[in-house]
Amino acid sequence: MRTSIATVCLSGSLEDKLYACADAGFDGVEIFEPDLVVSDRSPEEIRALADRLGLRLEMYQPFRDFEGVAPPLLEDNLRRARERFTTMRRLGTDLMLVCSNVATATVDSDQVSADQLRRLGDLAAEHGVRVAFEALAWGRYIDDYRRSWRVVERADHEAVGVCLDSFHILARGHDPAEIEKIPGEKIFFVQLADAPALTMDVLSWSRHHRLFPGEGSWDLGRFVAHVARAGYAGPLSLEVFNDVFRQADTRRTAEHALRSLVWLEDRAARLPGSPGSLHRIADPAVPSGYDYVEVKAEDTGEVEQLLERLGMTFRGQHRTKPVRLWSAGDARIVLNEQHARDQRPHLAGVGFRVPDAAAVRDRARALAVGPAARRTQAGELEMPGFMAPSGIEVFLNDRDLGGEPAWVAEFEHGRPHVPGEAPGIGGIDHVNVSHGRDAHDEAVLFCTSVLGLESPSATQAAGPHGLVHSQVMRTPDGRVRLSLNVSPAGVTHPDHVALACDDVVAVARRARERGLEPVPVPGNYYDDLRARFALDDAVLATLREHQLLFDRSDAGELWHFYTPRVGGLCFEVVQRVGAYDAYATDNTPVLLAAQDRMDRAVGRRDGPGQGRPDL
Ligand SMILES: O=C(O)c1ccc(O)c(O)c1
Ligand SMILES: [Mg+2]
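Conventions used here
- Numbering of residues starts from 1 in every chain and runs along the sequence as written.
- Each chain gets a letter, beginning with A, and each ligand a number, beginning with 1, in the order they are written.
- A pLDDT threshold of at least 70 governs which residues receive local features in this predicted model, and a stricter bar of 80 or more applies before side-chain atom pairs are shown or counted, although totals over entire chains, interfaces and linings include all residues.
- Computation of side-chain values covers all heavy atoms of the structure but excludes hydrogens and water.
- UniProt positions are given in the numbering used here, feature names are shortened, and annotations may be inferred rather than shown by experiment.
- Proximity criterion: a residue is near a molecule or strand once any of its heavy atoms comes within 4 Å of it.
- Pairing of N or O atoms within 3.5 Å defines a polar contact, subject to two protein rules: one partner must be a possible hydrogen donor and the other a possible acceptor, and residues neighboring in sequence count only if both atoms are side-chain atoms.
- Runs of H or I in DSSP of at least four residues are treated as helices and runs of E of at least two as strands, each being numbered from the N terminus.
- For Na, K and Ca the donor cut-off is 3.2 Å, and for all other metals it is 2.8 Å, counting N, O and S atoms only; because water is absent from this set, sites may look incomplete.
- Irregular is the label for any site that misses the other tests, which are tetrahedral for four donors with all angles between 85 and 135 degrees, and square planar for four donors or octahedral for six when opposite donors exceed 155 degrees and the remaining angles lie between 65 and 115.
- Salt bridges are counted wherever a side-chain nitrogen of Lys or Arg sits within 4 Å of a carboxyl oxygen of Asp or Glu.
- Categorising residues by exposure relies on relative accessible area from a 1.4 Å probe, with only protein chains included: less than 20% of the type maximum marks a residue as buried, more than 50% marks it as exposed, and the intermediate range marks it as partly exposed.
- Whether two residues are in contact is decided by their heavy atoms, any of which lying within 4.5 Å being enough.
- Ring pairs are drawn from Phe, Tyr and Trp, using the six-membered ring of Trp, whenever the two centres fall within 6.5 Å, and their geometry is named by plane angle: stacked under 30 degrees, edge-to-face over 60, tilted for the rest.
- We define the nonpolar core as a collection of buried residues of types Ala, Val, Leu, Ile, Met, Phe, Trp, Tyr and Cys that are connected through side-chain atoms lying within 4.5 Å of one another.
- Where each domain begins and ends is defined by an automated method or by a domain database.

In the nomenclature of an unreviewed UniProt entry, the chain is known as 3-dehydroshikimate dehydratase of Isoptericola peretonis. According to its UniProt record, the chain has this under Pathway (unreviewed entry): "Aromatic compound metabolism; 3,4-dihydroxybenzoate biosynthesis." UniProt, in the comment section headed Cofactor (unreviewed entry), describes the chain in these words: "a divalent metal cation".

Structure follows, in structure tokens:
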């Protein structure tokens, strides 16, 4: 289907927005009236620019507070409409959005609203344009798409149809299945937005918190499938009022927006009974596990010391590059000193094992995700890779899914892998990535659209310098879990790699013997644990001795500890007991406060060179 976006989604001048939308690959835009009003370009100039850029001006919006009014006001509203239609003619746009009345309606009657919309239809037809009537979720009387359709049906005018906006429909919990009862040709326009599940008034939710599809909690695939089954043939248009996107980089937001639409159409196309008009892209290939985690630094020595203390094994030096490999069980950490001048240790890449790397590469290409710029030399295995948001490279390996990956053979002069050696680290449990607010929604969409991860939960934890928002993205089987964290402005929390083991006490004890001082846990925390979980003294003494954190759910327990940060990175060691499947988020404030104390003790200030270079 054609793609479109409302100019209100983006920052910048109207011209900036048009250039960015065209470059991102949109077919068209909705012109948001305030963007035109503040522009120093005439409607004719905007029209010419859009023509030049190959962008259709799909709709002009919004026209407010028209129907349900007393007769004298109707005449003034028709006068206002005439002015707008004239502007639209100059713009070359033939569709105007009419929102249901929120302010001036005094008559709660389908018949009156229909009669008034018919008058508007006559006027629109005289100007060679049409109007699309949208039920705002907070409309004075008309706040439900089923009622807006009843009114449009009663108006029975060829220039009057409905505009369906997923936000107003889903925010009110209205069933989108009834969209299929509306004849496709009477659906003049479709607007799409996702949103996080929030409990707040619907107007504020709509004006500040809308998200691009795939970033919130709604099933928009199903929504689009209903629209397509109704026979709608117009564009799918994003209308996302969001405080972050409005101040973010225009081009980047436009690319990110189009990616969400491509993903959404593919998702809808895959639902049973969806028409062939919906465009599909290559199949998603959900990762089956981690291949490796890559840490980059000018000098990786400090990180290697940590890994040695955690009981991992030095596996060798790469044949041709300043890259070293450490492993334990199925956990592989690649340490890269290449092109890392002046860089402190930071998380630089994550490799995943996937059933079909070429399929993921094709899918990423369709979603306009750029490839990672990585040179492969003769004799080395080539793996497709992408530049993911937050400055992290993602690589895919679909070979030797059973045992050690073949690329390990490129490393020499280390110790061999001894399966079952000393009880210790068995794999990577999860990877925790911290980024700024601007990068977050894009990172969520990357995980959903390219990697096929799900986002079951979002939480917030209080840190000493502000709230940390955290969203877990995972495969259904939990073998790949990424925790995406938004740090407060001006703070860079370290990323962390969580290593899984079956006996965290043994790992902690041996690490201590080798000189590791874990992040210290305050005594108050253990008093609190005793109260919350009725732990007996022996268990508490063990936790305290090894500075372990603890959580319990109905399914099991989590025991874990953290290493101090090195640059922008630290490690966590976790033991999941029973079927514990969560993330001990109650412990996050304890970690953040302890990290902050350690940072202060060494006089550390956030600044360049600590985290990933682009942060
Ligand atoms: O918030 C608003 O006023 C508004 C305006 C136009 C729309 O299409 C919409 O969904 C909301
Ligand atoms: Mg809308």
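Draft legend 1. Up close: the site of ligand 1. Around ligand 1, the structure places 15 residues, and the nearest of them are R64, E134, H168, R207 and E239. The contact in question runs from an oxygen atom of ligand 1 to an N or O atom on the side chain of R64, over 2.6 Å. At a separation of 3.2 Å, an oxygen atom of ligand 1 approaches a polar side-chain atom of Q191. Counting only elements with at least two residues in the shell around ligand 1, the list comes to β3 (56-63) and β4 (95-99).

Draft legend 2. A look at the coordination of the magnesium ion (ligand 2). Protein-derived coordination of the magnesium ion (ligand 2) comes from E134 (OE), D165 (OD), Q191 (OE1) and E239 (OE), at a distance range of 2.1 to 2.2 Å. Note that the magnesium ion (ligand 2) binds six donor atoms; their angles at the metal cover 77 to 176 degrees, and the shape is octahedral. Going along the chain, you hit the donors of the magnesium ion (ligand 2) in the pattern E-x30-D-x25-Q-x47-E. Pair noted here: E134 is in strand β5 (residues 130-134) and E239 is in the loop between β8 (236-238) and α10 (250-269), with a separation of 105 residues, a long-range link.

Draft legend 3. Inspection of the pattern of salt bridges at higher detail. Applying the stated rule across the entire model yields 46 salt bridges. Among the ionic pairs, K17 bridges to D35, the shortest N-O distance being 3.2 Å. Of this pair, K17 sits in helix α1 (residues 14-24) while D35 is found in helix α2 (residues 33-37), placing the two residues 18 residues apart along the sequence. Judged on exposure class, the residue K17 and its partner D35 are both buried. One salt bridge connects R90 with E44, and the closest N-O pair in it is separated by 2.7 Å. Residue R90 is located in helix α4 (residues 71-91), and its partner E44 is located in helix α3 (residues 43-53); the two are separated by 46 residues in the primary sequence. Of the residues examined, R90 reaches a relative accessible area of 36% and is grouped as partly exposed. Linked through salt bridges whose partners overlap, the residues forming this network are D266, R270, R280, D283 and R363.

Draft legend 4. Broad picture of the UniProt feature "binding site: Mg(2+)" (unreviewed entry) in the chain. Taking the UniProt record as the reference, the feature "binding site: Mg(2+)" (unreviewed entry) is found at H430, H496 and E572. In summary, the annotated positions, though distributed over 143 residues, converge in three dimensions, the widest C-alpha pair being only 9.3 Å. If you trace the backbone, H496 turns up in strand β21 (residues 495-501). Those residues in contact with H496 that sit more than four places away from it in its chain are H430, V431, N432, Y562, C570 and E572. Secondary-structure assignment places E572 in strand β24 (residues 569-578). For E572, a relative accessible area of 3% corresponds to the buried category. The residues touching E572, leaving out its near neighbours within four places in the chain, are H430, H496, V497, A498, L499, H560, F561 and Y562.

Draft legend 5. Inspection of helix α6 (residues 145-155) at higher detail. The set of residues buried in α6 consists of Y145, R147, S148, W149, V151, V152 and A155. Looking at the buried side of α6, the elements it contacts are α5 (110-126), β5, β6 (160-165) and α7 (166-171). Its side-chain oxygen placed 2.8 Å from the backbone nitrogen of R146, D144 serves as the N-cap of α6. Following α6 by one or two positions, D156 has its phi on the positive side, about 50 degrees.

Draft legend 6. Structural view of the packing of aromatic side chains. Applying the stated criterion across every chain, the model contains 13 aromatic pairs. Here the aromatic rings of F32 and F241 are separated by 6.1 Å at their centres, their planes lie at 70 degrees, and the arrangement is edge-to-face. In this pair, F32 is assigned in strand β2 (residues 28-32) and F241 in the loop between β8 and α10, connecting sequence segments 209 residues apart. Looking at F32, the relative accessible area reads 10%, which means it is buried. The class of F241 is buried, set by a relative accessible area of 10%. Measuring from centroid to centroid gives 5.6 Å for Y290 and F352, while their planes differ by 35 degrees, and the two rings are tilted. Of this pair, Y290 sits in strand β9 (residues 289-296) while F352 sits in strand β13 (residues 346-353), and the two are 62 residues apart along the sequence.

Draft legend 7. Quick look at the nonpolar core. Residues I5, F26, F85, I333, F352, L499 and F571 are the most contacted members of the largest nonpolar core, which totals 177 residues. With eight residues, α10 is the single largest residue contributor to this core. In terms of domain composition, this core takes at least three residues from each of domain 1 (6-269) and domain 2 (289-602). Once residues lying within four places of it in the same chain are set aside, the contact partners of F85 are M96, L120, L123, A124, H127, V129 and V131. A372, M383, F395 and W407 belong to the second-largest nonpolar core, a separate cluster that totals ten residues.

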